[in-house]
Amino acid sequence: MVTKVDHIGVAVNNLEESVKFYEEILGLKLHGIETVEEQKVKVAFLPIGDTEIELLEATTPDSPIAKFIEKKGQGVQHVAFRVENIEEALEEMRRLGIQLIDEKPRYGAGGARIAFLHPKSTNGLLVELCERKG
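Residues numbered from 1 in each chain as written. Predicted model: local features only at pLDDT ≥ 70, side-chain atom pairs only at ≥ 80, totals over all residues. Heavy atoms only, no water.

Asker: So what about the overall build of the protein chain? Which residues, and what values?
Answerer: Helix and strand content of the protein chain: three helices and eight strands. Along its sequence from the N terminus, the protein chain presents helices and strands in the succession β-α-β-β-β-α-β-α-β-β-β. Taking 134 residues into account, the globule formula puts the C-alpha radius of gyration at 14 Å, and the protein chain, at 15 Å, falls close to it. Along the three orthogonal principal directions, the C-alpha set of the protein chain runs to about 45 × 35 × 25 Å. At a minimum sequence separation of 6, the contacts of the protein chain that also span at least 24 residues come to 53%. Per element, the accessible surface of the protein chain, about 7600 Å² overall, is 52% carbon and sulfur. For the protein chain, the centre of its 17 positive side-chain charges and the centre of its 23 negative side-chain charges are spaced 4 Å apart. (Helix = DSSP H or I, 4+ residues; strand = E, 2+ residues; numbered from the N terminus. Rg over C-alpha atoms; globule rule 2.2 N^0.38 Å. Contact = heavy atoms within 4.5 Å. Areas by Shrake-Rupley, 256 points an atom, 1.4 Å probe, with all protein chains shown as cover. Lys, Arg positive; Asp, Glu negative; His and termini not counted. Charge placed at Lys NZ, Arg CZ, Asp CG, Glu CD.)

Asker: With reference to specific residues and values, describe helix α1 (residues 15-25).
Answerer: When we look at burial in α1, the residues that qualify are Leu15, Ser18, Val19 and Tyr22. On an axial view of α1, the arc spanned by its buried residues comes to 100°, and they lie on one face. Exposed side chains of α1 directed beyond 90 degrees from the buried face belong to Glu16, Glu24 and Ile25. Each element contacted by the buried residues of α1 is listed here: β1 (2-11), β2 (32-36), β3 (41-48) and β4 (51-58). Residue asparagine 14 occupies the N-cap position of α1, its side-chain oxygen lying 3.1 Å from the main-chain nitrogen of glutamate 16. (Buried < 20%, exposed > 50% of the residue type's maximum accessible area, 1.4 Å probe, protein only. Arc of directions from axis to C-beta. Polar contact = N/O pair within 3.5 Å; in protein donor to acceptor, adjacent residues only side chain to side chain.)

Asker: Please provide a residue-by-residue account of unusual backbone geometry, values included.
Answerer: Residue lysine 40 is not a glycine yet carries a positive backbone phi of 55°. Even without a glycine there, the phi angle at asparagine 123 is positive, about 60°. Within the element layout of this structure, asparagine 123 appears in the loop between β7 (113-117) and β8 (127-131). Among the residues examined, asparagine 123 registers a relative accessible area of 83% and is labelled exposed.

Asker: Describe the sheet that holds β4, naming the residues involved and giving the relevant values.
Answerer: The sheet built from eight strands is open, its strands ordered β2-β3-β4-β1-β5-β8-β7-β6 with mixed pairing. Each edge of the open sheet carries a strand with a single partner, namely β2 and β6 (106-107). Relative to β3, β2 runs antiparallel, the two sharing five bridges. Counterpart to isoleucine 33 in the pairing with β3 is alanine 44. (Pairing = 2+ DSSP bridges.)

The values are spatial; any link to function lies outside them.
If you want it as structure tokens, here you go:
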């Protein structure tokens, strides 16, 4: 069902400062920045091999990223796994008794269709399922 790690989401306080580290110290190249109003987040994309690092900065104090940083500090917020068919993947998760945060796919950064699995069902890791076309 899972074809690869699509991306690793990292919650940060300051997108510009964080991008500098990944570019200047690690040698990655910024591929773009996008604001996802629905999720109250600004996202920077830094490809590495056939996956990418997504830096996530809250756009409002009540966003999930702001709440995450308040509770746990900056750092890895989620790991996204690529699936070919997100509806089928969600149905399989339901069948296996996995608690879903998203019952139906929603729009994510980079044009992806996404859905999150609850950390209570994934050994504490926020897991995102991600479908991309093309």
